[in-house]
Amino acid sequence: MLATVRTIAMSASTTAKPVYNLSFAGCGFLGIYHLGAAACIVKHGQGLLKNVERYGGASAGSLVAATLLCGRDKLQHCIDFTYNLAREIKKKPLGALTPGYNLIVPLEKFLREMLPEDAHDIAKDRLFISVTNMRTKKNEVFSEYESREELIQCLLASCFIPAYAGFRLPKIRNQKYADGGITDNLPKFEEGQTISVSPFSGGQNICPKDKNGLGMYINVVNQEFQVNLHNGARVLHALFPPKRRTLESYYQKGVRDAERFLIEEDMFERGDILWYETSV
């Protein structure tokens, strides 16, 4: 099935249990924040995860959504990959824009290692990947996948920023696609409560809580941003990875913000906080 999120038809729940959706914003290398939030939810929010019916995401957010749904046991591998990829790109004279470098190559290798053989079956009607159709210039969302290969191509397309990630657009079903964040950076659902996660301060459920400052907010491709210098720095860090220590601070911020949300919503389950660390 291929449809926009806003027109996805959902069947009514037959039980009284709450229906939740988890949606992760596109954010480049700040996907490490998502991984911190995911680690906290896995450790302290098992009750929540049992009631999550749909996972959505754009760009890096789609990768974390796929990891939580299809490869939760590979969460540490995903964290290490993010740190190592950032280190690799920082060595390049122009980062990911260095001539001859193709960001999609290591990303595709990672997905092939991370996703199980039946990932496309697990993801059917549960994983919603935001992409941009480059012919119509409109947002589309994939939620059914003919094969594991097609699922991988959808994830790569959702992360493909033209020029930044290369010039050869991913093709799915004879259509060319690019980063979902170009047209919808934070998918939402009509049914159930969508819990939105973003490393940018704004109106998301799990996000940094910056001081009000001027109190100005803007909506960009379906995501609310607070206008301040902190968010400006975050945008730069999303495209051009900062030092390892800064990335680690983003990870830890994701843990703390998710923990705060779980406590405020009375979903927090006691236990030692899960501070994943890289093994390299």
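Refer to the structure printed above.
The structure displayed is predicted, hence computed values, not measured ones.

How each quantity is defined
- Residues numbered from 1 in each chain as written.
- Predicted model: local features only at pLDDT ≥ 70, side-chain atom pairs only at ≥ 80, totals over all residues.
- Heavy atoms only, no water.
- Helix = DSSP H or I, 4+ residues; strand = E, 2+ residues; numbered from the N terminus.
- Buried < 20%, exposed > 50% of the residue type's maximum accessible area, 1.4 Å probe, protein only.
- Contact = heavy atoms within 4.5 Å.
- Areas by Shrake-Rupley, 256 points an atom, 1.4 Å probe, with all protein chains shown as cover.
- Lys, Arg positive; Asp, Glu negative; His and termini not counted.
- Charge placed at Lys NZ, Arg CZ, Asp CG, Glu CD.
- Axes fitted to C-alpha atoms, helices over the stretch in contact; angles between N-to-C directions.
- Parallel < 35°, antiparallel > 145°, perpendicular 65-115°, else oblique.
- Left-handed = near helix turned anticlockwise from the far one by under 90°.
- Expected span 1.5 Å × (residues − 1).
- Core = buried A, V, L, I, M, F, W, Y, C linked by side-chain atoms within 4.5 Å.

Peer 1: Explanation requested: the overall build of the protein in the structure shown.
Peer 2: Helices and strands together make up the secondary structure of the protein, namely nine helices and ten strands. Each of the three principal axes of the protein carries a C-alpha extent, and together these read 50 × 40 × 40 Å. Expressed as a percentage of the 280 residues in the protein, the buried residues total 54%. Looking at the protein alone, contacts between residues at least 24 apart form 72% of all its contacts between residues at least 6 apart. Carbon and sulfur atoms make up 53% of the accessible area of the protein, which totals about 12,900 Å². Side chains of the protein carry 34 positive and 30 negative charges; the gap between the two charge centres is 6 Å.

Peer 1: Would you take a moment to explain the packing of helix H1 (residues 31–44) against helix H3 (residues 60–70) for this structure?
Peer 2: Helix packing for two helices is described by the angle between their axes and how far apart those axes are. At a minimum axis separation of 9 Å, H1 and H3 run at an interaxial angle of 25 degrees. Taken together, the axes of H1 and H3 are roughly parallel relative to one another. Considering how the two elements wind past one another, H1 and H3 form a crossing that is right-handed. Residues Gly31, His34, Leu35, Ala38 and Val42 of H1 lie in contact with H3, whose contacting residues are Ala60, Gly61, Val64 and Leu68.

Peer 1: Which parts of the structure should I look at to understand helix H9 (residues 244–264)?
Peer 2: In an α-helix there are 3.6 residues to a turn, and that puts residues three or four apart on one side. Under the 1.5 Å per step criterion, the end-to-end length of H9 is 30 Å for 21 residues, consistent within 8% with the ideal 30 Å. All of the buried residues in H9 are Leu247, Tyr250, Tyr251, Gly254, Val255, Asp257, Ala258, Phe261 and Leu262. Against H1, helix H2 (46–50), helix H4 (75–90), strand S8 (193–197) and helix H8 (229–239) lie the buried residues of H9. A positive phi of about 60 degrees marks Asp266, the residue just after H9.

Peer 1: I tried to follow the nonpolar core on my own but got confused; where do I start?
Peer 2: In a soluble, globular protein the nonpolar side chains are often hidden away together inside. Judged by nonpolar contacts, the single largest core of 79 residues is most densely connected at Leu22, Tyr55, Leu111, Leu115, Leu127, Leu151 and Ile206. Apart from the residues lying within four places of it in its own chain, the contact partners of Tyr55 are Leu22, Leu49, Ala65, Leu68, Leu69, Arg72, Arg126, Leu127, Phe128 and Phe189.

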